[in-house]
Amino acid sequence: MGKLDGKVAAITGGTRSIGRGMAEAFLREGAKVVVNGRDAAKGAQALKEMGGGPSIAFFAGDARAQSTADGIVDFTIEKFGQLDIMCLNSGGVQNTAPVHLMTNEEWQLEMDWNLNSVFWGMRKALNHMIPRQTGRIIVTSSVEGKLGKPGIPGYAASKHAVLGLMKAAAKDVGTLGITVNAILPGLIETDIVRETGPESAKAMGAENYEGLLEMFAQEAAIKRLNTVEEVAAAAVMLASAAASGITGTSWAVDGGTLPY
Amino acid sequence: MELQGKVALVTGGTRGIGRAIAEAFVGEGASVVINGRSAEKGAQALKEMNAGDKVHFLSGDVKSREGCEALVKGTIERYGRIDILVNNAGGATGHAPVVDLEDWAMQDALVWNFWSTFWCTQYALRDMLPRQWGRIINISSVEGKHGKPGVSIYVTAKHAINGFTKSCAQEIGTQGVTINCICPGAIETDIMRDEGPAAAQSMGLTYQGLLDWFASEAAIKRLNTVEEVAVVATLLASEAGGGMTGTMYSVDGGTAAY
């Protein structure tokens, strides 16, 4: 018997890394899962790696577009009949620059990817969940949702902003059987960090990519990076029926980096 | 089975939050020592839990260093070691506004909630650190983040637990041992029924008024449940909980937004 038997989850950006970890954990706990990504080939590959079968499906789309946030909800309901758990997980550092050098276009990309995508997906999912009086919204924020590092003003600002959105939404729907929480992972060496980390490192004041990883590890009490499994376990807990009394929280999975 | 083969001590585990945590841990495969002051309530709890040799009762009071030492040692004697410590015992009597507060009430609340957490943690760490694995879970409160009038003894003691937890996490972070707080909202447990009326009086409220106040502060507009706390304790105690430490996890229906 799984903790999520009979539940249906949608995860933006779920083909790799944190979203993928959530997808695999949800499947193990008995849920049906829709994952999402830009690239249909990578999506097909991810489904294959996760064992395929009737409990998992892929929805192609760029999380930076509203059509993706709306589309994954519609697709999930069409495919599996309902949506119980919405993981607004897609996001990342698109541009690194100090504030005084950041262009409007770069700023807008960060907002679309990390903040607007969460708003669009949350709004769409809530419109489905509210009539059913049940649901779980889980937003992937970051330690940078509470702290700030140099060179990533758009990322830090948008990851802070989703926490405000999450807290307000939790109050909106608090009596309707729907919880809204955020998970704040410390740095994890995911594919996306491997891709964007080398460029971020310099802008963030680290000597190189290894220096960037070391900088994050040193901030944590555990002096190491986190893992996708640690985030996925927290997501399973927040998605479970027993978590109905947990809402509006900023759930740290950061090895003791944030002392609050 | 997330806690297969693990050994846990839950102080004050015969009823309420501690009992729910003990049951959840047994359900995930752990062997659990529960504790309380009354041997009679302990026997009753063992009977109700019906978990055979997976659960053991140690009678004792956490309000002394010797009492805490005996609980940790008793756990190690019974099951060979201690992997998970839940510092759950606590409460407060003698509530009054600060201007009228008597010393004994503040002393007693600090010993019951905070000193007991320190003592049990210290003895547990002496078994956990050499083995480089451990989970310490301190049951704080939403009042460890907020403050209500008339109950400063409880609020102060719970805030102290939070500070202790943050500092200790930094000391032991690289040694496989995590320490966290769970901050539950109000739950109508036996101890709330016992102590709530006096706390309410000190706050100028009826008991029902006190419960209503807590519920109205939450986004869910209801009190919390012991099961909601137990599911978080299970997560923090698990292998995957190894990446979470030094944190104050709210289980309060959206009351403390931080």
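Residues numbered from 1 in each chain as written. Chains lettered and ligands numbered in written order. Predicted model: local features only at pLDDT ≥ 70, side-chain atom pairs only at ≥ 80, totals over all residues. Heavy atoms only, no water.

**Student:** Any chance you could explain the overall build of chain A here in plain terms?
**Tutor:** A tally of regular secondary structure across chain A gives 8 helices and 7 strands. On C-alpha atoms alone, chain A measures out to a radius of gyration of 17 Å, which is about the 18 Å that the 2.2 N^0.38 rule sets for 260 residues. Counting all 260 residues of chain A, 60% fall into the buried class. Just so you have it, chain A exposes about 9,800 Å², and 53% of that area is on carbon and sulfur atoms. Across chain A, the centroid of the 24 positively charged side chains sits 6 Å from that of the 27 negatively charged ones. (Helix = DSSP H or I, 4+ residues; strand = E, 2+ residues; numbered from the N terminus. Rg over C-alpha atoms; globule rule 2.2 N^0.38 Å. Buried < 20%, exposed > 50% of the residue type's maximum accessible area, 1.4 Å probe, protein only. Areas by Shrake-Rupley, 256 points an atom, 1.4 Å probe, with all protein chains shown as cover. Lys, Arg positive; Asp, Glu negative; His and termini not counted. Charge placed at Lys NZ, Arg CZ, Asp CG, Glu CD.)

**Student:** Got a minute to help me understand the overall build of chain B in this structure?
**Tutor:** The number of helices and strands found in chain B is 8 helices and 7 strands. A compact globule built from 258 residues would reach a C-alpha radius of gyration of about 18 Å, and chain B, at 17 Å, matches this within 12%. Over its C-alpha atoms, taken along the principal directions, chain B stretches across nearly 50 × 40 × 35 Å. A burial count over chain B gives 61% of its 258 residues as buried. Accessible surface for chain B amounts to roughly 9,500 Å². Of this, 53% is attributable to carbon and sulfur atoms. Counting 22 positive and 28 negative side-chain charges, chain B places the averaged centre of each group 4 Å from the other.

**Student:** Would you mind showing me how to read the packing of aromatic side chains here?
**Tutor:** The way to describe two aromatic rings as a pair is by their centre distance and the angle between their planes. Residues and elements named next belong to chain B. Within the structure shown, the criterion is met by 7 aromatic pairs over all chains. A ring pair is formed by W115 and F118, whose centres lie 5.9 Å apart and whose planes are at 70°; its orientation type is edge-to-face. Of this pair, W115 and F118 both sit in helix α4 (residues 103-131), separated by 3 residues, roughly a single helical turn. Taking the centre distance of 6.1 Å and the plane angle of 80° together, the rings of F118 and F164 count as edge-to-face. In this pair, F118 sits in helix α4 while F164 sits in helix α5 (residues 152-172), placing the two residues 46 residues apart along the sequence. The exposure class of F118 is partly exposed, given its relative accessible area of 23%. (Phe/Tyr/Trp six-rings, centres within 6.5 Å; stacked < 30°, edge-to-face > 60°.)

**Student:** Please explain the sheet that holds strand β6 (residues 177-184) of chain B as it appears in this structure.
**Tutor:** Where strands meet in a sheet, backbone hydrogen bonds hold them as pairs that are either parallel or antiparallel. Residues and elements named next belong to chain B. Pairing is parallel in the open sheet, where 7 strands are placed in the order β3-β2-β1-β4-β5-β6-β7. For this open sheet the edge positions go to β3 (55-59) and β7 (248-251), each flanked by a neighbour on one side alone. For this sheet the average axis-to-axis angle between neighbouring strands, irrespective of direction, equals 20°. Together, β2 (31-36) and β3 form the strand contacts of helix α2 (residues 39-49), whose direction differs from that of β3 by roughly 175°. (Pairing = 2+ DSSP bridges. Axes fitted to C-alpha atoms, helices over the stretch in contact; angles between N-to-C directions. Contact = heavy atoms within 4.5 Å.)

**Student:** Where do I start with the environment of S250 of chain A in this structure?
**Tutor:** Residue and element names in this part refer to chain A. Positionally, S250 belongs in strand β7 (residues 250-253). A relative accessible area of 13% means that S250 is categorised as buried. If sequence neighbours within four positions are ignored, S250 has contacts with K146, L163, M166, K167, A182 and L184.

**Student:** It is not clear to me how the packing of helix α1 (residues 16-27) of chain B against α2 of chain B should be interpreted in this structure. Could you clarify?
**Tutor:** In a pair of packed helices, the angle between the axes and the distance between the axes together describe the arrangement. Residue and element names in this part refer to chain B. Running from N to C, α1 and α2 point in directions that differ by 40°, and their axes come no closer than 12 Å. Between α1 and α2, the angle is such that the two are oblique. Considering the relative orientation of α1 and α2, their crossing is right-handed. Residues R19, A22, E23 and V26 of α1 pack against A45, E48 and M49 of α2. The residue makeup of the contact of α1 with α2, split by class, is 4 nonpolar, no polar and 3 charged. (Parallel < 35°, antiparallel > 145°, perpendicular 65-115°, else oblique. Left-handed = near helix turned anticlockwise from the far one by under 90°. Nonpolar A, V, L, I, M, F, W, Y, C, P; charged D, E, K, R; others polar.)

**Student:** How should α1 of chain B be read in this particular structure?
**Tutor:** Every α-helix winds through 3.6 residues per turn, so residues three or four apart in the chain are directed the same way. Residues and elements named next belong to chain B. End to end, α1 covers 17 Å across 12 residues, agreeing with the expected 16 Å (1.5 Å per residue, within 8%). All buried positions along α1 are accounted for by I17, G18, R19, A20, I21, A22, F25 and V26. Positive backbone phi, approximately 100°, marks G29, located one or two places after α1. (Expected span 1.5 Å × (residues − 1).)

**Student:** Whenever I open this one, the interface of chain A and chain B confuses me. Can you help?
**Tutor:** Interface size is often expressed as the accessible area that is lost when the parts come together. In this complex, chain A contributes 32 residues to the contact, which on the side of chain B involves 32 residues. Of the roughly 2,500 Å² buried between chain A and chain B, counting both surfaces, carbon and sulfur atoms make up 60%. For the chain A face of the interface with chain B, the top three residues by lost area are A221, G245 and W251 of chain A, together amounting to 18%. At the surface where chain A touches chain B, the tally comes to 1 salt bridge. (Buried area = accessible area lost by both parts, 1.4 Å probe. Salt bridge = Lys/Arg side-chain N within 4 Å of Asp/Glu carboxyl O.)

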